[in-house]
Protein chains: 2
Amino acid sequence: MALSCPTAKEVLSGNIRAVARACRLIDDADPRARDLLRELYPHTGRALTIGLTGNPGSGKSSIVDCLIAHYREQNKSVAVIAVDPSSPYTGGAILGDRIRMQRHTLDKEVFIRSVATRGHMGGLSLSTGEIVHVVDAAGYDVIILETVGVGQDEVEIVSMAQITCVVTVPGLGDDIQAIKAGLMEIADIFVVNKSDKEGAHRLVQHIKGMLHLKTHVPDSWEPPVIETIAVPPKESGIGTFAGTIASYFEWATDTHTLISKRKAYEEQHLFDLLKAKVESELRNRIPKADLEQTIAAIAQRVTNPYDEVEKLFKLL
Amino acid sequence: MALSCPTAKEVLSGNIRAVARACRLIDDADPRARDLLRELYPHTGRALTIGLTGNPGSGKSSIVDCLIAHYREQNKSVAVIAVDPSSPYTGGAILGDRIRMQRHTLDKEVFIRSVATRGHMGGLSLSTGEIVHVVDAAGYDVIILETVGVGQDEVEIVSMAQITCVVTVPGLGDDIQAIKAGLMEIADIFVVNKSDKEGAHRLVQHIKGMLHLKTHVPDSWEPPVIETIAVPPKESGIGTFAGTIASYFEWATDTHTLISKRKAYEEQHLFDLLKAKVESELRNRIPKADLEQTIAAIAQRVTNPYDEVEKLFKLL
């Protein structure tokens, strides 16, 4: 049964079922999604987008839960896009995480969506970006992009947000492992969660020490290290965290950092779209049997992929 | 100072410095790498390639270390390609991991290479695949591809190996978290490392239980769950693990699974190469100022990426 495509008007009015259907079409790489996105595009770019990444087990979802509550108190609507590795066993979502956000499921101003990581032609970052466009156009004030911060893909995804927050916790073993190399460069804010656990203070000092090694650029943003406890009733630090996010947005607007980030994202997005189009065009143009023959010849080392790619390129 | 490009002959003779230079050129996306790879290509496809992935802290590097020792005893040469998130802080490698393999650094038949995850135009899996081609052409008998198994990119990388082994350990918290959803489908062998730790038996049972949920396909490979301790002198299970890898290769050869995997990889590789070429061609053809203008217009919502991508496509 084909899913009906919502109209742009339905999405723009914030109709939650239309938003969910649009996300589903993007997940399914349905060609109708492209036309919808084209119509929605002029209405995007208004939401505050927050990227949150960190080790599995660092309590990211609990922090997201607290952030939702914080923004809801300010009467802001919130969309959460959670990027989870998909699995036929669990049906695409890690159950535990979703359960932690359950207190918001009845709130109509909160939209929570898991993005599956199964094979998208244009890559996961492309489809996640499009889902962000949809919820942005639907009028959500705050969009939280949550990923497991280890893979390069996840790092790219979280970088499409306007601010990147890296969450970690004490007790994950080596401090070197706790803050994965690669996350250091992209963090605008560090959060040390479960700050009442042993080793929290040492971890904060360790991160500050690593930040200290970084060459200081005048007028640049110095990533603060925030300590949080994200489990009620001991909840603490969330207000400070949200306040620091707000300060970042002020700084990033004043310094035109947000505009630069936006442009970098648009450039990436443009080429991602183009590459997805090139692949689908070629797969349409080349008879399946011909492609299989080429692949077999490469596998048998009768030819090589470098010469074959030149031939494919000429077909464009 | 420009790095000199090794000749194909030098690489094929197994000259370790030529191999290292070739890897470096690939890392740097040097155009000379392409010509070298074209020459090396007919000489690839002979090595046994083993993919090893798993949670940070699961002891992957210790297992790799034990596997190296095992294959060296059989007089086989071994190349290890470790995919680590890069960082300006650590210089691209997680020190701890490399230290664990130090006992093999003086062995000329062992080649260990870290692949940085910093921005490659064709994506990380493309450059990692090319490094595999180089060490394969250089004549290494066994190639071990090691990644941190959380991101989609890493899953793709490990899938380019002929066999995928997923390593986990007891005590990582939720069992659901321990075996990341998404890794269940790609594992040919599960390894429960640190099997003397509390909870190891329960974890083994848990994995077997999850495997049991999977629809049984006749004549398919049933992923075994192997228990290991990878730290001498308590070392155990490594022989069983290597024996199971050998059994898998026998099964996969007989059932033509290896050939199918090879073709799937070649197809992916071909399109990855093509997409990288499309991007670099377009970036050469379009004046930088024009591209910047387009990006700015998209960022200001004067136009949209979907219409712009059609224009770019026509330029090809």
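Residues numbered from 1 in each chain as written. Chains lettered and ligands numbered in written order. Predicted model: local features only at pLDDT ≥ 70, side-chain atom pairs only at ≥ 80, totals over all residues. Heavy atoms only, no water.

### Description of the overall build of chain A
Within chain A, the secondary structure is distributed over 13 helices and seven strands. Within chain A, the fraction of its 316 residues that count as buried is 57%. Restricting the contact set of chain A to residue pairs at least 6 apart, pairs at least 24 apart contribute 75%. When the accessible surface of chain A is split by element, carbon and sulfur atoms take 53% of a total near 13600 Å². (Helix = DSSP H or I, 4+ residues; strand = E, 2+ residues; numbered from the N terminus. Buried < 20%, exposed > 50% of the residue type's maximum accessible area, 1.4 Å probe, protein only. Contact = heavy atoms within 4.5 Å. Areas by Shrake-Rupley, 256 points an atom, 1.4 Å probe, with all protein chains shown as cover.)

### With respect to the pattern of salt bridges
Tallied over the entire structure, the rule returns 36 salt bridges over all chains. A salt bridge links Asp307(B) to Arg38(A); its shortest N-O distance comes to 2.8 Å. Here Asp307(B), found in helix α13 (residues 305-315), pairs with Arg38(A), found in helix α3 (residues 31-40), and the two come from separate chains. The exposure class assigned to Asp307(B) is partly exposed, which follows from its relative accessible area of 32%. Relative accessible area serves as the criterion here: at 25%, Arg38(A) is assigned to the partly exposed category. Salt bridges sharing common partners tie together Glu267(A), Lys275(A), Glu279(B) and Arg283(B). (Salt bridge = Lys/Arg side-chain N within 4 Å of Asp/Glu carboxyl O.)

### A short note on the pairing of strand β1 (residues 48-54) of chain B
Residue and element names in this part refer to chain B. Of all the seven residues making up β1, six are buried; the element is thus mostly covered by neighbouring parts of the structure. Judged from the five bridges that link them, β1 and strand β5 (residues 163-168) form a sheet pairing that is parallel. Following the sheet pairing, Leu52 is matched in β5 by Cys165. (Pairing = 2+ DSSP bridges.)

### Brief notes about the packing of helix α2 (residues 16-27) of chain A against helix α6 (residues 124-137) of chain A
Residues and elements named next belong to chain A. Contact geometry for α2 and α6: axes closest at 10 Å, N-to-C directions at 165°. It follows that α2 is roughly antiparallel to α6 by the angle criterion. Helix-helix and strand crossings are classified by hand; for α2 and α6 the assignment is right-handed. Every residue of α6 that contacts α2 at Val19, Ala22, Cys23, Ile26 and Asp27 is listed here: Ser127, Glu130, Ile131, Val134 and Val135. Residue composition of the contact of α2 with α6, grouped by class: seven nonpolar, one polar and two charged. (Axes fitted to C-alpha atoms, helices over the stretch in contact; angles between N-to-C directions. Parallel < 35°, antiparallel > 145°, perpendicular 65-115°, else oblique. Left-handed = near helix turned anticlockwise from the far one by under 90°. Nonpolar A, V, L, I, M, F, W, Y, C, P; charged D, E, K, R; others polar.)

### Things to note about unusual backbone geometry
Residue and element names in this part refer to chain A. Even without a glycine there, the phi angle at Ala29 is positive, about 55°. Within the secondary structure, Ala29 is located in the loop between α2 and α3. A positive phi angle, close to 60°, is found at His256, a residue other than glycine. According to the relative accessible area criterion, His256 is partly exposed, its value standing at 48%.

### Some remarks on the pairing of β5(B)
Residues and elements named next belong to chain B. The buried fraction of β5 amounts to six of the six residues, a majority that puts the element mostly inside the structure. With four bridges joining them, β5 and strand β6 (residues 189-192) adopt parallel strand pairing. In the sheet register, Val167 faces β6, and the bridge partner there is Val191.

### Focus on helix α10 (residues 238-254) of chain B
Residue and element names in this part refer to chain B. Compared with the 24 Å implied by 1.5 Å per residue over 17 residues, the 24 Å span of α10 between its first and last C-alpha is a close match. For α10, the complete set of buried residues consists of Ile238, Phe241, Ala242, Thr244, Ile245, Tyr248, Phe249 and Ala252. The buried residues of α10 occupy an angular sector of 155° when the element is viewed end-on, so they sit on one face. Residues of α10 that are exposed and angled more than 90 degrees away from the buried face: Glu250 and Asp254. Those residues of α10 hidden inside the fold are in contact with β1, α4 (60-73), β5, β6, β7 (225-227) and α11 (257-285). One or two steps after α10, the chain reaches His256, where phi turns positive at roughly 60°. (Expected span 1.5 Å × (residues − 1). Arc of directions from axis to C-beta.)

### What to know about the nonpolar core
Core analysis: the biggest nonpolar cluster contains 98 residues, and Val11(A), Leu274(A), Val11(B) and Leu274(B) have the highest contact counts within it. Dropping the residues within four chain positions of it, Leu274(B) is found in contact with Val278(A), Leu282(A), Val309(A), Leu312(A) and Phe313(A). (Core = buried A, V, L, I, M, F, W, Y, C linked by side-chain atoms within 4.5 Å.)

### Quick notes on the side chain of Thr244(A)
For Thr244(A), the location among the structural elements is in helix α10 (residues 238-254). Reaching out from Thr244(A), the side chain makes a polar contact with the backbone oxygen of Thr240(A) at a distance of 2.7 Å. (Polar contact = N/O pair within 3.5 Å; in protein donor to acceptor, adjacent residues only side chain to side chain.)

### A look at the packing of aromatic side chains
Applying the stated criterion to the full structure yields twelve aromatic pairs over all chains. Taken together, a centroid distance of 6.2 Å and an interplanar angle of 80° make the contact between Tyr248(A) and Phe249(A) edge-to-face. Of the residues examined, Tyr248(A) reaches a relative accessible area of 1% and is grouped as buried. A relative accessible area of 8% means that Phe249(A) is categorised as buried. Above the ring of Phe313(B), the side-chain terminus of Lys277(A) is found at 4.9 Å from the ring centroid. For the cation-ring pair, Arg283(A) lies above Phe271(B), with the distance from its terminal atom to the ring centre recorded as 4.0 Å. (Phe/Tyr/Trp six-rings, centres within 6.5 Å; stacked < 30°, edge-to-face > 60°. Lys NZ or Arg CZ within 6 Å of the ring centre and 35° of its normal.)

### As for the side chain of Ser77(A)
Residues and elements named next belong to chain A. In this structure, Ser77 sits in the loop between α4 (60-73) and β2 (78-84). The exposure class of Ser77 is buried, given its relative accessible area of 6%. Sequence-distant contacts of Ser77, that is, excluding residues within four places in its chain, are made with Arg72, Glu109, Gly139, Tyr140, Asp141 and Val142.

### Considerations on the confidence of the model for chain A
All names here are of chain A. In the predicted model, chain A carries a mean pLDDT of 85, and 84% of its residues have values of at least 70. Below pLDDT 50 for its whole length, residues 86-99 participates in 38 contacts with residues either more than four positions away or in separate chains. This prediction of the complex comes with two scores: 0.82 for pTM and 0.85 for ipTM. (pLDDT = per-residue confidence, 0-100.)

### Focus: helix α13 (residues 305-315) of chain A
Residues Pro305(A), Tyr306(A), Glu308(A), Val309(A), Leu312(A) and Phe313(A) constitute the buried set of α13(A). Seen from one end, α13(A) has its buried residues packed into an arc of 155°, which puts them on one side. Every exposed residue of α13(A) that faces more than 90 degrees away from the buried side is listed here: Lys311(A) and Lys314(A). Of the surrounding elements, those touching the buried residues of α13(A) are α11 (257-285) and α12 (288-299) of chain A together with α3 (31-40), α6 (124-137) and α11 of chain B.

### A few points about the state of the cysteines
All names here are of chain A. Taken as a whole, this structure holds zero disulfides over all chains when the rule is applied. Cys5 forms no disulfide, and the closest cysteine sulfur to it belongs to Cys23, at a distance of 12 Å. Accessibility expressed as a relative area gives 28% for Cys5, which makes it partly exposed. (Disulfide = S-S within 2.5 Å.)

### Things to note about the environment of Leu183(A)
Within the secondary structure, Leu183(A) sits in the loop between α8 (175-178) and β6 (189-192). Spatially, the C-alpha atom of Leu183(A) lies 41 Å from that of Ile286(A), the residues being 103 residues apart in sequence.

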